[in-house]
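# A closer look at the structure
Read off the chains here:
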Amino acid sequence: MPIKQDPRHLYLQVIEQLKKDIKGGLYKEREKLPSEFQLSKKLGVSRATLREALRILEEENLVTRRHGVGTFVNPKPLFSAGIEELDSVTGMIASFGKKPGTQYLSAELVEPTEEDRERFAPVELHNIAKLERVRTADGEPVVYCVDKLPEGVISLKDVKETDSLFNLIEKYTQKTIAYAVTHIEPIGYHDIVSPVLESAPEEALLLLKQMHYTADDEPLLLSLNYFRADKFSFHVLRRRV
């Protein structure tokens, strides 16, 4: 139905209406929305207003726009978690009633990059342990993990015997990971990661870069976790100060 008179900006009303239509099942997951001409006419707004609303909905990962093809409704993520509390990927998957699993790709000692040296400072690095794994939920690949640790923190031969890298680190070091500094980056198609996660070319990934520290501020683990954006969403609780 056309947008009614409302003091808010028109594009905000369009966003609200489209969200209601998607939630109500008028437009289903992976379904193509009507053309811009049809949708703008139906809502009673200009195509410029509609495009601004669709742009914001795409930023919120509710829709995907494919140039020359149309706009599609994204599947609702299976996992939605706050990032205020530090949890392992294993714990996150298990908390939603899914069975976590691991596919091991590689575990090797490599020469650290300059960025690695800066991130782990003041720890002096000679070699660095680099692990690559795919985390699964009920057998479906959902996270591609690249983990880096200073040489000697753990034994690489034991990596395949555990699902939780946190537990293995704490077993070997007798130190507890207390907190992490996290950066979230949305990225597009990745030549290596996307095929492994069975992501469609148009589906985005969420990259979480996390440096994990002990309570004494010692850096122990650098994780680069690529999450399927159609399966995971993250939020943070912000309090007014």
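Residues numbered from 1 in each chain as written. Predicted model: local features only at pLDDT ≥ 70, side-chain atom pairs only at ≥ 80, totals over all residues. Heavy atoms only, no water.

### So, the packing of aromatic side chains
- Taken as a whole and assessed by the stated rule, the structure comprises three aromatic pairs.
- A centroid spacing of 6.2 Å and a plane angle of 80 degrees characterise the contact between Tyr144 and Tyr226, whose relative ring orientation is edge-to-face. Of this pair, Tyr144 sits in strand 6 (residues 140-150) while Tyr226 is found in strand 9 (residues 219-228), placing the two residues 82 residues apart along the sequence.
- Their ring planes at 70 degrees and their centres at 4.8 Å tell us that Phe227 and Phe232 sit as a pair that is edge-to-face.
- The exposure class of Phe227 is buried, given its relative accessible area of 2%.
- In this structure Phe232 comes out as buried when scored by relative accessible area, which is 1%. (Phe/Tyr/Trp six-rings, centres within 6.5 Å; stacked < 30°, edge-to-face > 60°. Helix = DSSP H or I, 4+ residues; strand = E, 2+ residues; numbered from the N terminus. Buried < 20%, exposed > 50% of the residue type's maximum accessible area, 1.4 Å probe, protein only.)

### Looking at the pattern of salt bridges
- A full pass over the atoms with the stated rule returns 19 salt bridges.
- The residue Lys20 makes a salt bridge to Glu16 at a minimum N-O spacing of 3.3 Å. On the criterion of helical spacing, the pair formed by Lys20 and Glu16 is a turn pair, its members being four residues apart in helix 1 (residues 10-23).
- Lys130 is the salt-bridge partner of Glu132, the closest N and O atoms lying 3.8 Å from each other.
- The exposure class assigned to Glu132 is buried, which follows from its relative accessible area of 16%. (Salt bridge = Lys/Arg side-chain N within 4 Å of Asp/Glu carboxyl O.)

### Side note on helix 2 (residues 36-43)
- Along helix 2, the residues that are buried comprise Leu39, Ser40 and Leu43. Angular distribution of buried residues about the axis of helix 2 spans 95 degrees; they occupy a single face of the element. Those residues of helix 2 that are exposed and angled more than 90 degrees off the buried face are Phe37 and Lys41.
- On its buried side, helix 2 packs onto helix 1 and helix 3 (47-59).
- Of the residues trailing helix 2, Gly44 is marked for its positive phi of about 75 degrees. (Arc of directions from axis to C-beta. Contact = heavy atoms within 4.5 Å.)

### Structural notes on the sheet that holds strand 9
- Overall, antiparallel pairing links the six strands, which are arranged 4-5-6-9-8-7 in an open sheet. Each end of this open sheet is capped by a strand with a single partner; those strands are strand 4 (100-110) and strand 7 (177-187). Neighbour to neighbour, the strand axes of the sheet diverge by 15 degrees on average, direction disregarded.
- Both strand 5 (residues 128-137) and strand 6 contribute to a ladder of ten bridges, which runs antiparallel. The residue bridging Lys130 from the neighbouring strand is Lys148, located in strand 6.
- Packed onto the sheet, helix 6 (residues 165-173) meets strand 5, strand 6, strand 7, strand 8 (205-214) and strand 9 and runs at close to 170 degrees relative to strand 9. (Pairing = 2+ DSSP bridges. Axes fitted to C-alpha atoms, helices over the stretch in contact; angles between N-to-C directions.)

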